[in-house]
Amino acid sequence: MFGVIQQIDESILLFIQEYIRQDWMDGFWTNITHLWDGGIFWIALALILLIPKQTRKAGVSALLALGIGALITNVAVKNIVARIRPYDTITELILLIERQHDFSFPSGHTCASFAAACALYRTLPRKWGIACIALAVLIALSRLYVGVHYPTDVLGGVAVGIFAGWAGWKIQEILWSRRNGKGDNQAGD
């Protein structure tokens, strides 16, 4: 079964390289992929959202989601699965960015993007939540375009990211309700 999935993954990456990659698009996709290195955009956005009181829940949710996603993806699953990067196994694949220094499955960029985006989708007005999801999709696709992840790596990152986004939002909701519950009891005493 794994051999069939591996063949499909490789075929998709070679298809992208052969039929979708264009010189005029390379800069766009490499910039998209680098803009999110280390989750820096999502971390910065979450920190900015902590400042105004009306977006503080969104900032907390996103930071929790990013932390949960990083623990699951970068600390645990990548090291357990230890999947080699596609450019190390597919000789025909041309890498568009520098070699990565960790394992391939699941995609950390994708996980961070979907974790933050899903948490923000639940806590921000709909139009901003949709914009965050759209950015997460672009980041996920960029990882395929530049040749650093297999499609199943990206799907794994999406799955972990969605879970982390939900978990970050849920933990924030629990913390907020406990905080508000304690505050109400103290005020009533």
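Conventions we followed
- Just so you know, the residues in each chain are numbered from 1, in the order the chain's sequence is written.
- Selection of residues for local features in this predicted model requires a pLDDT of at least 70, selection of side-chain atom pairs for listing and counting requires 80 or more, and totals for whole chains, interfaces and linings are taken over all residues.
- Hydrogens and water molecules were not included; the side-chain quantities draw on all heavy atoms of the structure.
- A residue's pLDDT is the confidence the predictor assigns to it, expressed on a 0 to 100 scale.
- Here a residue-residue contact requires only that any non-hydrogen atoms of the pair lie within 4.5 Å.
- By definition, any uninterrupted DSSP run of H or I lasting at least four residues is a helix, any uninterrupted run of E lasting at least two residues is a strand, and each is numbered from the N terminus.
- To sort residues, take the accessible area from a 1.4 Å probe on protein chains only and compare it with the maximum for the residue type: under 20% means buried, over 50% means exposed, and anything in between is partly exposed.
- Polar contact criterion, stated in full: a pair of N or O atoms within 3.5 Å, where within protein one must be able to donate a hydrogen and the other to accept it, and residues adjacent in sequence count only if both atoms are side-chain atoms.
- Any two of the Phe, Tyr and Trp rings considered here, Trp counted by its six-membered ring, make a pair once their centres fall within 6.5 Å; the pair's planes then place it as stacked at under 30 degrees, edge-to-face at over 60, or tilted in between.
- Only lysine NZ and arginine CZ atoms are considered, and such an atom sits over a ring when it is within 6 Å of the ring centre and within 35 degrees of the ring normal.
- Nine residue types can take part in a nonpolar core, namely buried Ala, Val, Leu, Ile, Met, Phe, Trp, Tyr and Cys, and a core is a set of them joined through side-chain atoms within 4.5 Å.
- In the sections that follow, a salt bridge refers to a side-chain nitrogen of Lys or Arg positioned within 4 Å of a carboxyl oxygen of Asp or Glu.

1. Comments concerning the confidence of the model for the protein chain
Per-residue pLDDT for the protein chain has a mean of 92; in total, 96% of the residues score no lower than 70. In this model residues 183-189 is a low-confidence stretch, pLDDT under 50, and it forms zero contacts with partners more than four residues away in sequence or in other chains.

2. Observations regarding the side chain of S61
Along the polypeptide, S61 turns up in helix 4 (residues 56-81). By relative accessible area, S61 is classed as buried at 0%. There is a polar contact of 3.0 Å between the side chain of S61 and the side chain of Q172. Look past the residues within four positions of S61 in its chain and what remains in contact with it is A119, T123, G168, W169 and Q172.

3. Side note on the packing of aromatic side chains
Following the criterion strictly, the structure yields five aromatic pairs and no others. Each residue in the set F28, W29 and Y145 is aromatic and connected to the rest through ring pairs, giving one cluster. Over the aromatic face of W169 sits the side chain of R122, whose NZ or CZ is 4.0 Å from the ring centroid. If you follow R179 out to its NZ or CZ, it ends over the ring of W176, 5.4 Å from the centre.

4. As for the nonpolar core
Core analysis: the biggest nonpolar cluster contains 34 residues, and L13, W42, F114, L120 and Y145 have the highest contact counts within it. Put simply, the parts of the chain that give this core at least two residues each are helix 1 (2-20), helix 2 (23-35), helix 3 (40-50), helix 4, helix 5 (108-123), helix 6 (126-145) and helix 7 (151-188). Not counting residues within four places of it along the chain, the set of residues in contact with F114 comprises A136, V137, A140, V158, G161 and I162.

5. Considerations on the pattern of salt bridges
Applying the stated criterion across every chain, the model contains five salt bridges. With its nearest N and O atoms 2.8 Å apart, the salt bridge here joins D9 to R83. Taken together, the positions of D9 in helix 1 and R83 in the loop between helix 4 and helix 5 put the pair 74 residues apart, joining distant regions of the chain. The same class applies to D9 as to R83, namely buried. Between R85 and D102 there is a salt bridge, with the nearest N and O atoms lying 2.3 Å from each other. Here R85 is found in the loop between helix 4 and helix 5, whereas its partner D102 is found in the loop between helix 4 and helix 5, with 17 residues between them in sequence.

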